[in-house]
Amino acid sequence: MPTGTQRNRAIRLISIVGIPVLAAAAACSSGSSGSAVPQGLSGTEAAAAGSGSAQVSAADAAAATNLTPAAGSFLAGKGTVTVLGSTSPTNGDENPYALWPVTETVGSVHNGDVLIDNFNNSSNDQGTGTTIVDVHPDGTTSVFANLTGAKSACPGGVGLTTAMVQLKTGWVIVGSLPSTDGVTTTAGQGCLLVVSPAGKLAETLTGAYLDGPWDAAVKDDGGTATLFVANTLVGLAHSPTATAAQGDVVRLSLKQTTTSPPKVTAEQVVASGLAERGDPSAFVKGPTGLALGANGTLYVADNLDNAVLAIPQALTRGDSAGQGTVLSTGGQLANPLGLAVAPDGDLLAANAVNGKIVEITTAGKQVGEYYAIENTGQDPPGDGDLFGIAIDQAGTGVLFVKDDENTLALLHS
Amino acid sequence: MSGRQAPGRGMSRRSLLRGGMLAGAGAVGGGLAGGFAGDAAASPSAAGTGQEPFYGAHQSGIITDTQRHTVLAAFDLTSSDKADLESLLRAWTALAEELVTGSSNTVPIFTDASSSDANAYADATGTSTTDDSLEAYQLGPQRLTLTVGFGRSLFVGPDGQDRMGLAARLPAALVALPRFAGEQLVAADSDGDLFLQACADDPQVAFHAVRSIARIAPDVATLRWTQLGYSPSNTAGTPRNLMGFKDGTINSNVHPPANLDATLWAAPDGPAWMRGGTYLVYRRIRITLEHWDRLDPGTQAQVVGRQKLTGAPLGGTAEFSPLDLDARDGDGDYVIPSTAHVRLAAAATNNGAVIVRRAFSYNNGTTPFTERWPPWRQALEYDAGLLFLGYQQDPRTGFVPINSTLAEQDAMNQFTTHTASAVFAVPPGAEAPGDWIGSSLLS
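Because the structure is a prediction, the values reported are computed rather than measured.

A. Quick peek at the overall build of chain B. Per the secondary structure count, chain B includes eleven helices and eight strands. In chain B, the proportion of contacts linking residues at least 24 apart, taken out of those at least 6 apart, comes to 80%.

B. Representation of the interface of chain A and chain B within the structure. At the junction of the two partners, chain A supplies 50 residues and chain B supplies 40 residues. Carbon and sulfur atoms supply 50% of the area buried between chain A and chain B, which totals about 3,400 Å² over both sides. Where chain A meets chain B, there are zero salt bridges. Seen at the junction of chain A and chain B, the total is nine residue pairs in polar contact (both at pLDDT 80 or more). Contributing elements (two or more residues each) for the side of chain A that touches chain B: β1 (4-7), α1 (14-17), α2 (21-29) and β3 (94-101) of chain A. With four residues, α2(A) is the largest single contributor of residues to the side of chain A that touches chain B. The residue makeup of the side of chain A that touches chain B, split by class, is 14 nonpolar, 24 polar and twelve charged.

C. Just the nonpolar core, in detail. Counting residues in each nonpolar core, the largest one holds 86 residues, and the members touching the most others are B:Trp92, B:Leu146 and B:Leu194. For this core, the element with the highest residue contribution is helix α3 (residues 82-99) of chain B, accounting for eight residues. Not counting the four nearest positions on each side in its chain, B:Leu146 is found in contact with B:Gln59, B:Ser60, B:Ala96, B:Leu99, B:Val100, B:Leu196, B:Gln197, B:Ala198, B:Ala209 and B:Ile213. If you look at the next biggest cluster of nonpolar residues, it comprises 24 residues, including A:Phe119, A:Ala244, A:Val284 and A:Leu410.

D. Focus on the sheet that holds strand β18 (residues 307-311) of chain A. Residue and element names in this part refer to chain A. Taken in spatial order, the four strands line up as β16-β17-β18-β19 in an open sheet, and their pairing is antiparallel. Lying at the two open borders of the sheet, with one neighbouring strand each, are β16 (287-292) and β19 (325-329). Adjacent strand axes in the sheet meet at a mean angle of 25 degrees, parallel and antiparallel pairs treated alike.

E. Geometry of the environment of B:Val303. Residues and elements named next belong to chain B. Summarising the element assignment, Val 303 is placed in helix α8 (residues 297-304). Residue classification places Val 303 among the buried positions, given a relative accessible area of 2%. Spatially, the C-alpha atoms of Val 303 and Ala 340 are 4.9 Å apart, while their sequence positions differ by 37 residues.

F. Structural view of the sheet that holds strand β23 (residues 366-371) of chain A. Residues and elements named next belong to chain A. Taking strand neighbours across the sheet as the criterion, the four strands line up as β20-β21-β22-β23 in an open arrangement whose pairing is antiparallel. Two strands bound the open sheet, and with one partner strand each, they are β20 (336-341) and β23. This sheet shows a mean twist of 20 degrees between the axes of neighbouring strands, independent of strand direction. Pairing analysis gives four bridges linking strand β21 (residues 347-351) to strand β22 (residues 356-360), with the strands arranged antiparallel.

G. A look at the pattern of salt bridges. Counted according to the given criterion, the structure contains 21 salt bridges over all chains. Here A:Glu405 ties to A:Lys402 by a salt bridge, and the two come within 3.6 Å at their closest N and O atoms. On the accessibility criterion, A:Glu405 (17% relative accessible area) is buried. Accessibility expressed as a relative area gives 3% for A:Lys402, which makes it buried. One salt bridge in this structure joins B:Arg143 and B:Asp201, with 3.1 Å as the shortest N-O distance. One end of the pair, B:Arg143, is in the loop between α4 (121-125) and β2 (145-151); the other, B:Asp201, is in the loop between β3 (194-200) and α5 (203-215), with 58 residues separating them in the sequence.

What counts and what doesn't
Residues numbered from 1 in each chain as written. Chains lettered and ligands numbered in written order. Predicted model: local features only at pLDDT ≥ 70, side-chain atom pairs only at ≥ 80, totals over all residues. Heavy atoms only, no water. Helix = DSSP H or I, 4+ residues; strand = E, 2+ residues; numbered from the N terminus. Contact = heavy atoms within 4.5 Å. Buried area = accessible area lost by both parts, 1.4 Å probe. Salt bridge = Lys/Arg side-chain N within 4 Å of Asp/Glu carboxyl O. Polar contact = N/O pair within 3.5 Å; in protein donor to acceptor, adjacent residues only side chain to side chain. Nonpolar A, V, L, I, M, F, W, Y, C, P; charged D, E, K, R; others polar. Core = buried A, V, L, I, M, F, W, Y, C linked by side-chain atoms within 4.5 Å. Buried < 20%, exposed > 50% of the residue type's maximum accessible area, 1.4 Å probe, protein only. Pairing = 2+ DSSP bridges. Axes fitted to C-alpha atoms, helices over the stretch in contact; angles between N-to-C directions.

On their own, these measurements won't tell you what the molecule is for.
What follows is the structure in structure tokens.
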């Protein structure tokens with residue numbers, strides 16, 4: 001696997017920085033009297049950048065703003081992205097979602113590996129990916145697990161989501177929000193799949209408490225663990241145009257040993273009433289990233305409301321906090337997806353609508369952003385390319401998946 | 001010995017019985033050579049007079065200046081008898097050397113009597129005519145070239161077993177390609193035991209050639225897939241592909257690398273029978289034109305690494321300016337972005353590896369498609385793009401490492417999907433009349 005370090009960006013933001021295309025075309029034809037600029041190259045996009053025309057959407061304008069990371073913030077000084085490896089396994093699965101930095105050598109995974117699951121199959125149908133790959137420190141990729149065999153036990157099939165954790169006992173728990181053809185119409189309720197440290201399917205967890213498990217966060221105490229799962233199909237008609245406000249976050253109490261897979265011993269909805277929507281492009285949108293703060297507050301990326309919500313006493317509360325309180329909204333946030341807690345306690349959110357990672361303090365102040373994926377194949381650049389993010393094992397960088405390239409990358413200083 | 005007979009070596013009983021009822025069927029009366037000779041009506045007309053040479057150390061159609069049209073065809077061999085393969089290749093060569101002259105010819109058909117029961121035509125229409133289908137009549141040579149290749153599956157089966165006593169002659173360079181990230185290969189449009197590339201300036205001449213050659217022995221060599229392609233006129237300079245960019249500025253048959261012996265023709269340390277030959281990697285690359293067309297030309301130039309209008313590399317002034325892969329702008333960023341196609345495909349990025357490309361576009365109409373990249377749009381989209389025909393000395397040091405890099409890093413990947421693939425050993429040419437393509441392998 002070729003790896004490469006790029007300084008800041010691979011493809012520059014012509015449309016954002018406002019270099020008129022017409023001028024660029026004219027410049028390159030100078031000195032060649034026979035090649036005038038074709039009339040057809042004087043398109044509106046050339047005049048759009050910076051002109052305030054409708055060619056620049058509000059999302060484009062927001063993406064073009066900067067919030068330089070404040071001194072002392074986690075993102076401060078980080079400006080290098082290194083591609084660590086491919087996330088595409090031999091069966092052709094694509095669209096990496098969850099990532100989990102492995103810190104203990106157990107079964108077939110080793111400290112330093114990064115587990116990544118895929119949401120799409122080789123035909124790019126969303127909700128049909130079945131593989132968890134292991135990107136090794138040397139940049140090679142192997143298949144940790146192929147969960148095709150769970151299709152009959154998991155309601156609707158298998159399409160692996162951003163809900164993936166590895167417990168200290170070595171068990172991997174991964175969410176499935178399946179479809180048969182990549183369209184929301186065929187979405188299934190899904191499940192949680194328990195995978196042994198050797199990559200074998202051990203258990204399929206289903207129940208009314210799971211309906212479109214989309215992301216997860218865990219507090220792991222070894223023999224027991226507390227798993228939070230965001231559900232994004234609750235009360236939602238399975239249609240690309242449906243909307244609902246019943247998305248929730250369920251807290252699952254788990255019990256396990258190194259030899260017996262985790263069992264759910266209790267369940268409690270801790271957040272509810274969250275916006276959900278079927279989507280012809282993104283398949284489904286709703287509550288996504290989950291991150292557990294040191295104070296027991298659970299943070300929820302509320303994708304459709306463009307906010308990060310705070311659910312207090314999430315580990316202990318006996319009721320739902322509803323939508324909790326809004327920690328941060330707007331600003332550099334652009335429909336957040338994955339969430340991670342930085343070593344300094346700040347939150348990092350991966351934007352859906354552009355390729356930015358945004359840092360937010362637990363007091364709700366946005367203190368910096370980094371444009372991690374500036375791919376101009378999407379509009380705004382990087383739109384739809386980020387999903388899962390995590391702090392690397394060293395605690396000094398941000399791991400993120402590049403859905404546009406099917407690669408794992410690291411932002412570091 | 002099978003019941004089928006090679007042209008020029010006799011006739012099957014069936015064709016003999018039927019042949020007498022046909023008026024003026026030269027192939028039946030006089031065998032292969034006689035059938036092609038001396039018919040005044042076979043002379044090419046003044047139209048499309050450009051004729052490419054057929055004989056030579058190398059096959060035509062590799063570094064030949066690109067014609068306007070191509071028809072690619074792959075065949076599966078139903079026989080495991082080397083004699084059948086020899087008969088087939090002798091007949092293919094014999095017809096090919098006539099077709100490139102633009103003449104009208106009978107087809108040296110030979111049949112497999114033992115499999116006639118399986119031939120749906122057998123009882124319905126009797127023995128096939130050997131007459132020219134005539135759709136290319138009087139169109140002239142049209143610079144027709146016919147290029148033959150051998151697939152790995154001709155030598156060994158899926159598990160490496162010897163197919164017909166040729167396994168020991170399998171060139172190491174005739175590799176089974178690894179899987180590349182993002183490819184969506186259609187098996188029915190990929191691979192094949194035998195390959196035939198027809199290129200001509202007239203589409204019907206190219207198709208007629210494939211059609212005629214495929215008629216020779218459909219019981220022995222069955223069509224596996226065909227693919228049509230085209231290239232626009234080059235009178236305005238290097239032709240543009242469907243992305244709207246000039247295609248073939250460097251490392252193409254039109255602008256080849258300097259030392260073809262070091263880059264294109266099979267290396268002397270390979271099998272002797274491949275001396276003068278080369279290896280072809282074929283990839284059908286679907287381009288999501290709908291997505292591409294949303295990007296302004298400046299952004300497209302960043303993806304490609306060249307200016308759209310002039311073809312000049314970013315930072316260069318003209319189409320043939322050298323790539324400056326080290327140049328950086330005022331911000332310290334590469335002028336040619338780190339993921340730009342030209343950077344990742346450049347020889348300098350790939351240990352000097354060079355591929356000689358023949359560039360054709362293809363357009364298979366429209367099909368339902370799911371785009372491979374955010375936002376994973378599902379729609380009826382053009383099944384159109386590029387026929388990558390990459391001739392090279394050794395795919396192990398050429399296409400495989402280059403495409404391994406491209407498949408994972410190329411900014412162009414979000415607009416392209418490889419949907420068909422094949423690798424063929426392209427043997428040396430027929431040196432002179434009487435020689436035949438494949439003789440070095442089978443003699």
